[in-house]
Amino acid sequence: MNVPNGTIKANVQAALEEDLGPGDIHVSLPSDDSDRHGTIIARSHGVLCGAEWANEAYRQVSEQVEVDWAKVDGETIEPSSLIATISGPVSALLAVERTALNFLQLLSATASQTRRFVHLIEHTQARVLDTRKTVPGLRLAQKYAVRMGGGNNHRIGLFDAFLIKENHIAASGSISNAVSRARMAHPDMFIEVEVESLEELDHALQCDVDRIMLDNFKILQLREAVRISRSFSNHRRKAVELEASGGISESNVVQVAETGVDFISLGTLTKDISAIDFSFRIQS
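S.K.: Help me get a handle on the sheet that holds strand β1 (residues 35–42), residues and values and all.
M.R.: The strand order β3-β5-β1-β12 describes an open sheet built from four strands, whose pairing is antiparallel. Only two strands of the sheet have a single partner each, and these edge strands are β3 (66–69) and β12 (278–282). Along the sheet, successive strands turn relative to each other by an average axial angle of 20 degrees, direction set aside. Relative to β12, β1 runs antiparallel, the two sharing five bridges. When the bridges of β12 are listed, alanine 42 appears paired with phenylalanine 278. Sheet contacts for helix α2 (residues 51–61): β3, β5 (82–89) and β12; angle to β3, the most-contacted strand, approximately 160 degrees. Running at roughly 165 degrees to β12, helix α3 (residues 90–120) makes contact with β1, β3, β5 and β12 of the sheet.

S.K.: Can you lay out the pairing of strand β9 (residues 211–215) for me, pointing to particular residues and giving the numbers?
M.R.: Looking along a regular strand, one sees the side chains alternate between the two faces of the sheet. Of all five residues in β9, five are buried; the element is thus mostly enclosed. Of the two faces of β9, the one holding Arg211, Met213 and Asp215 and the one holding Ile212 and Leu214 are both buried throughout. In this fold, the crossover linking strand β8 (residues 191–195) to β9 by way of helix α7 (residues 198–205) has right-handed handedness. Bridging between β9 and strand β10 (residues 241–245) involves five bridges; their strand directions are parallel. The partner of methionine 213 across the bridge, within β10, is glutamate 243.

S.K.: Describe the side chain of serine 44, naming the residues involved and giving the relevant values.
M.R.: Its location among the elements puts serine 44 in the loop between β1 and β2 (46–47). A polar contact of 3.0 Å, which involves the side chain of serine 44, links it to the backbone nitrogen of aspartate 277. Not counting chain neighbours up to four residues away, the residues in contact with serine 44 comprise Ile77, Glu78, Pro79, Ile276 and Asp277.

S.K.: Tell me about the sheet that holds strand β11 (residues 263–265), residues and numbers included.
M.R.: Pairing within the open sheet is parallel, and its six strands lie in the order β6-β11-β10-β9-β8-β7. Looking at strand neighbours, the two that pair on one side only are β6 (127–129) and β7 (162–164), the edges of this open sheet. The mean inter-strand angle of the sheet, taken between neighbouring strand axes irrespective of direction, is 25 degrees. Against the sheet, α7 touches β8, β9 and β10, its axis set at about 160 degrees to β8. Across the face of the sheet, helix α8 (residues 219–233) comes into contact with β9 and β10 while running at roughly 170 degrees to β10.

Criteria and thresholds
Residues numbered from 1 in each chain as written. Predicted model: local features only at pLDDT ≥ 70, side-chain atom pairs only at ≥ 80, totals over all residues. Heavy atoms only, no water. Pairing = 2+ DSSP bridges. Helix = DSSP H or I, 4+ residues; strand = E, 2+ residues; numbered from the N terminus. Axes fitted to C-alpha atoms, helices over the stretch in contact; angles between N-to-C directions. Contact = heavy atoms within 4.5 Å. Buried < 20%, exposed > 50% of the residue type's maximum accessible area, 1.4 Å probe, protein only. Right-handed = clockwise from strand over helix to strand, strands pointing away. Polar contact = N/O pair within 3.5 Å; in protein donor to acceptor, adjacent residues only side chain to side chain.

The following block contains the structure:
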């Protein structure tokens, strides 16, 4: 999934509007609006992400700005490494500085967090998934950042796949009722069911589902769930994927991955992140 240009434009427009308001009052400070050069430098280790959002920010303020990227999205960056050189009217460079850096620090943080988890479990078959726990208005941007970090995207929203959770099950009366109604309403849609016990897992395996999310299962429960699912799958044509979720951190993600689950979904990829530090300096 590529991020549509319209989405990037809308993200940037909203960010510039809140920062510039009716206009940057600092334009009166430079002696003139001649072309100047500036550089973006990384101040911490991480994975770069967000170049297109920065490009769009400069583009929306001035078509005369040129950005030359020394690094590309998905590339590892180190402290003091050159990220980009920007040239153009000094008023544009000053007006866009914070907006461009905000996108870079947020999306690079998401990509960097993802890369850490991917690296920890790369010796297993498990794949890292994101969730819907994203910054409002920036979901596609953060999901793009997850991919730049080596992770995989879960569903985008409430429209492109079913994830039948405990409240859906309660409202429907049972797992089988919820799954049957989902299949009836959208026969070809991907269906995942969240379960909270091995008993619920047994019920879900009897239904026409594509994946089962094991919510807050302990390590021993995850191993047993994998065993049960594999045994069940031997008697049906379509294997059911297993996804672990809930209570997973850097301290236990390896243990979770080594149980044999297919996926590990982590809200921490997009919400519990530390900004990657960048600085912008105009050359004197």
